[in-house]
Amino acid sequence: MNKKTRRTPQKLAIFEFLSNNKNHPSAEDIYRALSARFPTMSLSTVYNVLKAFQREGLVTELIVDPEKSRYDAAPQPHHHLVCLACRKIADVERDFKIDLEPSETNGFEIVRRQIDFLGYCSACRSDKKNIHNRRLQNG
Ligand code: ZN
Ligand code: MN
């Protein structure tokens, strides 16, 4: 293992947190969760570690939340259900056989396939129903 990929306790903790957290946390979420354990760790350290993990192919950056990048350390290819209201991201474990014809890709080499199913999670759907019902009640 070279210097670049040396595992510090902070790096290990960040990877462990990401691996055990199914909510696809942002860098801020990771920072908040670990800063008590590593008081000297800064938010930019978290970003740098995440970038290094991405370069090593251990972590994927999800660009489904326009506010902030979310991160995923699940090793198998998978897809996501993305709530447009609360920005919850849930895994879809099914392996879809999706492909494009060479005529559609113009020499583009596909290295990863990821489908985002956009919509509203059950919690947000019942919230919306409640808001709608309250409006009806209040006339
Ligand atoms: Zn939601
Ligand atoms: Mn995921």
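Reading the values: the criteria
Residues numbered from 1 in each chain as written. Chains lettered and ligands numbered in written order. Predicted model: local features only at pLDDT ≥ 70, side-chain atom pairs only at ≥ 80, totals over all residues. Heavy atoms only, no water. Helix = DSSP H or I, 4+ residues; strand = E, 2+ residues; numbered from the N terminus. Buried < 20%, exposed > 50% of the residue type's maximum accessible area, 1.4 Å probe, protein only. Areas by Shrake-Rupley, 256 points an atom, 1.4 Å probe, with all protein chains shown as cover. Donors = N, O, S within 2.8 Å, 3.2 Å for Na, K, Ca; no water.

A.B. asks: What is the right way to look at the overall build of the chain in this model?
C.D. replies: The helix and strand inventory of the chain stands at five helices and five strands. Expressed as a percentage of its 139 residues, the buried residues of the chain come to 29%. With the model as given, the accessible surface of the chain reaches about 9900 Å², and the carbon-plus-sulfur share is 51%.

A.B. asks: How should I be thinking about the coordination of the manganese ion (ligand 2) in this particular structure?
C.D. replies: For a metal bound by four donors in a tetrahedral arrangement, the ideal donor-metal-donor angle is 109.5 degrees, while six donors in an octahedral arrangement ideally sit at 90 or 180 degrees. All of the protein donors around the manganese ion (ligand 2) are His24 (NE2), Asp72 (OD), His78 (NE2), His80 (NE2) and Asp91 (OD); their distances to the metal are 2.0 to 2.2 Å. Here the donor residues for the manganese ion (ligand 2) map to a single chain with the spacing H-x47-D-x5-H-x1-H-x10-D. Within this pair, whereas His80 is found in strand E3 (residues 79-83), its partner Asp91 is found in strand E4 (residues 89-92), the two being separated by eleven residues in sequence. By relative accessible area, His80 is classed as buried at 1%.

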